[in-house]
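Each chain is listed here by its residues.
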Amino acid sequence: MNSMNQQSETAQAVTSMTMIQALRSAMDIMLERDDNVIVFGQDVGYFGGVFRCTEGLQKKYGTSRVFDAPISESGIIGAAVGMGAYGLRPVVEIQFADYVYPASDQLISEAARLRYRSAGDFIAPMTVRMPCGGGIYGGQTHSQSPEAMFTQVCGLRTVMPSNPYDAKGLLIACIENDDPVIFLEPKRLYNGPFDGHHDRPVTPWSKHPASQVPEGYYKVPLDKAAIVRPGAAVTVLTYGTMVYVAQTAAEETGVDAEVIDLRSLWPLDLETIVASVKKTGRCVIAHEATRTCGFGAELMSLVQEHCFHHLEAPIERVTGWDTPYPHAQEWAYFPGPTRVGAAFKRVMEV
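All values reported here derive from a predicted model rather than from experimental measurement.

**Q** Help me get a handle on unusual backbone geometry, residues and values and all.
**A** Along the chain, Trp-266 connects to Pro-267 via a cis peptide bond; the corresponding omega equals 0 degrees. Tracing the sequence through the fold places Pro-267 in the loop between strand E12 (264-266) and helix H9 (270-280). At Ala-119, a position not held by glycine, the phi torsion is positive, near 55 degrees. Tracing the chain through its elements places Ala-119 in the loop between helix H5 (114-117) and strand E5 (127-132).

**Q** An account of the sheet that holds strand E13 (residues 283-290) is needed here, citing residue identities and associated values.
**A** In space, the five strands of this open sheet follow the order E9-E11-E10-E13-E14, with mixed pairing throughout. Each end of this open sheet is capped by a strand with a single partner; those strands are strand E9 (226-229) and strand E14 (316-320). Averaged over all neighbouring strand pairs, the angle between strand axes comes to 25 degrees, with direction disregarded. Relative to strand E11 (residues 257-261), strand E10 (residues 234-238) runs parallel, the two sharing five bridges.

**Q** Please provide a residue-by-residue account of the packing of aromatic side chains, values included.
**A** The final tally for this structure, using the stated rule, is twelve aromatic pairs. Residue placement shows Arg-52 over the ring face of Phe-47; its charged tip is 4.0 Å from the ring centre.

**Q** Account for the nonpolar core, with residues named and values stated.
**A** The biggest cluster of nonpolar side chains holds 62 residues, and the ones touching the most others in it are Leu-23 and Phe-344. In terms of residues, this core owes the most to one element, helix H1 (residues 19-33), which gives nine residues. One finds Ile-38, Ala-80, Ala-225 and Val-274 within the second-largest nonpolar core, a separate group that totals 46 residues.

**Q** Residue-level account of the state of the cysteines, with values.
**A** Taken as a whole and assessed by the stated rule, the structure comprises zero disulfides. The thiol sulfur of Cys-154 is not disulfide-bonded, and the nearest other cysteine sulfur, from Cys-293, lies at 17 Å. Lacking any disulfide linkage, Cys-174 is separated from the closest cysteine sulfur, that of Cys-132, by 13 Å.

**Q** Tell me about the environment of Ser-206, and name the residues and values.
**A** Position of Ser-206 relative to the elements: it lies in the loop between strand E7 (181-186) and strand E8 (212-214). A sequence separation of 189 residues divides Ser-206 from Met-17, and the C-alpha atoms of the two residues are 7.0 Å apart. The residues touching Ser-206, leaving out its near neighbours within four places in the chain, are Ser-16 and Ser-211.

**Q** Please set out the pattern of salt bridges residue by residue, giving values where relevant.
**A** This model, assessed by the stated rule, comprises 16 salt bridges. The residue Arg-157 makes a salt bridge to Asp-179 at a minimum N-O spacing of 3.0 Å. Residue Arg-157 is found in strand E6 (residues 157-159), and its partner Asp-179 is found in the loop between helix H7 (164-176) and E7; the two are separated by 22 residues along the sequence. Here Asp-179 falls in the buried class, since its relative accessible area comes to 18%. The partner of Lys-279 in a salt bridge is Glu-258, with the nearest N and O atoms 2.6 Å apart. Note that Lys-279 is positioned in helix H9 and Glu-258 in strand E11, a separation of 21 residues in sequence. For Lys-279, a relative accessible area of 48% translates into the label partly exposed. Residues joined in a network through salt bridges with shared partners are Glu-93, Arg-129 and Glu-185.

Here is what the cut-offs are and how they apply
Residues numbered from 1 in each chain as written. Predicted model: local features only at pLDDT ≥ 70, side-chain atom pairs only at ≥ 80, totals over all residues. Heavy atoms only, no water. Helix = DSSP H or I, 4+ residues; strand = E, 2+ residues; numbered from the N terminus. Pairing = 2+ DSSP bridges. Axes fitted to C-alpha atoms, helices over the stretch in contact; angles between N-to-C directions. Phe/Tyr/Trp six-rings, centres within 6.5 Å; stacked < 30°, edge-to-face > 60°. Lys NZ or Arg CZ within 6 Å of the ring centre and 35° of its normal. Core = buried A, V, L, I, M, F, W, Y, C linked by side-chain atoms within 4.5 Å. Buried < 20%, exposed > 50% of the residue type's maximum accessible area, 1.4 Å probe, protein only. Disulfide = S-S within 2.5 Å. Contact = heavy atoms within 4.5 Å. Salt bridge = Lys/Arg side-chain N within 4 Å of Asp/Glu carboxyl O.

Below, the structure is given as structure tokens:
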């Protein structure tokens, strides 16, 4: 558990939560603490969201603060930009990250630019929640990982938690932040960690220490990575579902990998990355998104720029393929522990 990174947390009751429950708890707390916080999106009100992340919130806070929106992603984001400019703090849900593209103009041209174009007179303090990634047989339109589309946009923050503790603390921090935040939620992790072995029984969050979540208010810093597995042989830069795949690959290969969960993709905790790579002299980058122009390409560039004279081997990338996410070949596409482990062996053989 990332207790070293917590903010504003005092002694309080702790309970085991899934990521779904942790996200709901974060929104519940912020709706109660701040009357300017509102939650809306497709089916998030009465229905409680397609994954039930907002279940019960409309009943508790009423239809003026938790409500359903039409099937119009551009309308949802556009309304949130206006709400934020007038002092509200909207938390909106895009039902799947794959559906965000119609809203890209509102996100990139309006939300991200509002502070700059108004010389600081207006801000867009909005949080856009999106389930992302594969591993649930969602096919090409319910499995995409579009994080790289947002990390290059000046004015947007991009966050992806990998466990319930971080999910709650990061979401609270995002809601309180004055910048627009893209909050990506790996849906394969909603109910438990996933090691990449789809043929094994599902592990519930209740058996993982990061499921122990304080019931009250706390924050996790938005610009700080977490070293989830200390090691000395190779640095692994990853996030989301791939955090557990990387740890599994380390265990199965016996390679003493230091696994860094980036958590905040942008702004990026470059200091932690550089310190680790300079220590190990090797680097493997793993993400589920497609390879070409994926966020791993930026990570490779930064490591090369800042750590060149410390590298003992070429940097390796393990990613999804440059194809649509195939329903029938889910596990041929997904970068599992076998592929990550092979990258470990390649960098260690140099």
